[in-house]
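# A closer look at the structure
Here is what each chain is made of, one letter per residue.
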Amino acid sequence: MRFCMRHSRFLFIGVATSAALLLSGCAAAATPAATPAESPAASASYPVTVENCGTNLTVTKAPERIVSIKSSATELLLALGLGDRIVGSAFLDGPLPSELATAGADLNVVSDFLPGQEVVLGLNPDFIYGGWESNFSTDGVGERDALTALGVGTYVSPAACKGDFMPNPLTFDSVFTEIEEAGAIFGVESAAAKLVSTLNDDLAGLTPSTAGTTTALWYSSGTTTPYVGAGIGSPEMIMDAAGLTNIFADVRDTWTSVGWESIIEANPSVIVLVDATWNTAASKIAHLESDPATQVLDAVKNQRYIILPFASTEAGIRNVEAASSTITQLADLNE
């Protein structure tokens, strides 16, 4: 068995934490099922200090009333066995995977989109876990400094940090470090280490496509101006793990807007379609196959589509599963 050492961005003040947070087995792909929650007192070392998107966060005890924003945050908390501590969730990007359906059956979904501060504070949270940095704004759940002053801790998925704090590029190690940080913050370190070990095994068990150079367009949304996966975010990370060559890999951004002319010129072998309730894969296919400009693409003429659920495509616990699904669908297309 091989092991992967990752640099951890969190600092523990007090008793040293388990080496399992820094070392995890690397060697199989499905969304990990939720694990029973640990006793924070038994597993955690507080206070915990984390540098998160340029904000220093110190947690002195395990949060007990958590609000989660976006599927990536909610699914991670459920996978760590923290469902009983989630007092409210919002902005879910699709249904929970079957492995987490039972753990999330009683989720209190307060909004299908980004809730306002009044709604969130009405839940009396002691912590808010956001999938995007933009969740923390005056038009959203509130700014981070203001929430801290109210005694509410905040954390943003590091993959969504902007500016100097944006991962460049995002890697699976970055995703796994977030899991470890969450384990430390919420006092479930051994559950986090187990989850990382499982995902590492799943990642190491992938066999990327070797069917020549397969170029791909990651098509997220948009019709007049398509919004596509660029070169340093989760789309690139997933495509690379699956053996696909992103036609916009040279764009130093996570996602970007492009013109159809550049897509037509690149003429990708396959098109990865992100399936969201508000922008389905079926609607994208209908556009691609009805627009004379895109009908000329080889991938469209041969209906070479790979479909991934939106919630699996943002940085989180389902990215390895997304890469595995991409490999399987690509193999089916190549038969």
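Fair warning: this is a prediction, and the values are worked out from it, not measured in the lab.

The next thing to look at is the overall build of the protein chain. When its secondary structure is counted, the protein chain shows twelve helices and 16 strands. Here the protein chain, with 335 residues, has 53% of them falling under the buried criterion. Split by element, the accessible area of the protein chain, about 13900 Å² in all, is 53% carbon and sulfur.

Taken in spatial order, the five strands of this open sheet run 8-7-6-9-10, and their pairing is parallel. A single partner strand is all that each edge strand has here, and the edge strands are strand 8 (109-111) and strand 10 (153-156). Between one strand axis and the next, the sheet turns by 20° as a mean value, whatever way the strands run. In this fold helix 2 (residues 71-79) packs onto strand 6 (66-69), strand 7 (86-90) and strand 9 (127-130), with an angle of close to 135° to the strand it touches most, strand 6. Helix 6 (residues 172-186) contacts strand 6, strand 9 and strand 10 of the sheet and is inclined by roughly 175° relative to strand 9.

The subject of this paragraph is the layout of surface pockets. Its boundaries defined by the atoms lining it, the largest pocket holds a volume of some 550 Å³. Class assignment of the residues belonging to the lining of the largest pocket gives a composition of 14 nonpolar, eleven polar and four charged. Its volume calculated, the second largest pocket comes out at about 310 Å³. As for the second largest pocket, its lining consists of 18 residues, of which Leu57, Thr58, Gly151, Val152 and Gly153 are closest to the centre. Secondary structure elements with two or more residues in the lining of the second largest pocket: strand 5 (55-59), helix 5 (144-149) and strand 10. With five residues, strand 5 is the single largest residue contributor to the lining of the second largest pocket. Split by residue class, the lining of the second largest pocket holds six nonpolar, eight polar and four charged.

Along the chain, Ala33 turns up in the loop between strand 3 (23-26) and helix 1 (40-43). Expressed as a C-alpha distance, the spacing of Ala33 and Ala103, which sit 70 residues apart in the sequence, is 8.6 Å. Other than its neighbours up to four places away in sequence, Ala33 contacts Ala79, Glu99 and Leu100.

With respect to the helices, strands and loops of the structure, Thr154 is situated in strand 10. A polar side-chain atom of Thr154 sits 2.8 Å from a polar atom in the side chain of Arg144. The contacts of Thr154, once residues within four sequence positions are left out, are Asn52, Leu57, Phe127, Ile128, Phe136, Arg144 and Leu147.

This part is about the nonpolar core. Within the largest apolar cluster, 57 residues are counted, with the highest numbers of intra-cluster contacts made by Leu80, Ile179 and Phe186. It is helix 6 that provides the largest number of residues to this core, a total of eight residues. In contact with Ile179, other than residues within four places in its own chain, are Leu76, Ala192, Leu195, Val196, Leu199 and Ile317. If you look at the next biggest cluster of nonpolar residues, it comprises 17 residues, including Trp260, Ile263, Ile271 and Tyr305.

Take helix 6 next. Because an α-helix packs 3.6 residues into every turn, residues spaced three or four apart end up facing the same way. In a regular helix each residue adds 1.5 Å, so 15 residues correspond to 21 Å; helix 6 covers 21 Å between its end C-alpha atoms and thus fits that length. Along helix 6, 13 of the 15 residues are buried, which leaves the element largely enclosed by surrounding structure. Gly187 sits one or two residues past helix 6 and shows a positive phi near 75°.

This structure, assessed with the given rule, holds one disulfide. At a sulfur-sulfur separation of 1.9 Å, the disulfide partner of Cys53 is Cys161. Taking the sign of the torsion about the S-S bond as the criterion, the disulfide between Cys53 and Cys161, at about -80°, is left-handed. One end of the pair, Cys53, is in the loop between strand 4 (48-52) and strand 5; the other, Cys161, is in the loop between strand 10 and helix 6, and 108 residues separate them in sequence. Its relative accessible area of 11% is what places Cys53 among the buried residues. Of the residues examined, Cys161 reaches a relative accessible area of 1% and is grouped as buried.

The next subject is helix 12 (residues 319-334). Taking 1.5 Å per residue, 16 residues should reach 22 Å; helix 12 reaches 23 Å between its end C-alpha atoms and fits that length. Within the sequence span of helix 12, burial applies to Asn319, Val320, Ala322, Ala323, Ser324, Thr326, Ile327, Gln329 and Leu330.

All right, on to the side chain of Ser71 then. Mapped onto the secondary structure, Ser71 falls in helix 2. Within the structure, Ser71 has its side chain in polar contact with the backbone nitrogen of Asp93 (distance 2.7 Å). Contacts of Ser71, omitting those with residues within four sequence positions, involve Phe91, Leu92, Asp93, Gly94 and Ala311.

The next thing to look at is empty space enclosed by the protein. Roughly 40 Å³ of internal volume is contained in the largest cavity. Contributing elements (two or more residues each) for the lining of the largest cavity: helix 2 and helix 6. Looking at the lining of the largest cavity residue by residue, the classes come out as three nonpolar, two polar and one charged.

Conventions we followed
- Sequence order as written defines residue numbering, which begins from 1 separately in each chain.
- Restriction of local features to residues with pLDDT of at least 70 applies here, the model being predicted, together with a cutoff of 80 or more for giving and counting side-chain atom pairs; totals for whole chains, interfaces and linings are based on all residues.
- Side-chain measures here rest on the full set of heavy atoms in the structure, leaving out hydrogens and waters.
- Numbering of helices and strands runs from the N terminus, with a helix taken as a DSSP run of H or I at least four residues long and a strand as a DSSP run of E at least two residues long.
- Residue exposure (1.4 Å probe, protein chains only): buried if accessible area is under 20% of the type maximum, exposed if over 50%, otherwise partly exposed.
- The Shrake-Rupley method, run with a 1.4 Å probe sphere, supplies the accessible areas, and residue values consider only the shown protein chains as cover.
- Here, a strand pair is defined by DSSP locating no fewer than two bridges between the strands.
- Whenever a helix is involved, its axis is fitted only over the stretch in contact; in every case the axis is a line through C-alpha atoms, and angles between N-to-C directions fall within 0 to 180 degrees.
- Only heavy atoms enter the contact rule, under which two residues are in contact if any of them lie within 4.5 Å.
- As defined here, a cavity is a set of points on a 1 Å grid over the protein atoms alone where a 1.4 Å probe fits but cannot get out. A pocket is an open set with protein on both sides within 12 Å along at least five of seven lines, and residues line them when an atom is within 4 Å of a point.
- Grid points are joined across faces, edges and corners, and a volume is the space filled by probe spheres set on the points.
- Each residue gets one label: Ala, Val, Leu, Ile, Met, Phe, Trp, Tyr, Cys and Pro are nonpolar, Asp, Glu, Lys and Arg are charged, and the others, such as Gly, are polar.
- Polar contact is defined as a pair of N or O atoms within 3.5 Å, subject to the rule that within protein one atom must be able to donate a hydrogen and the other to accept it, and that residues adjacent in sequence are counted only when both atoms are side-chain atoms.
- Residues grouped as a nonpolar core are buried Ala, Val, Leu, Ile, Met, Phe, Trp, Tyr and Cys residues, joined through side-chain atoms within 4.5 Å.
- A helix is expected to reach a length of 1.5 Å times the quantity of its residues less one.
- Disulfides are defined in this document as cysteine sulfur pairs within 2.5 Å.

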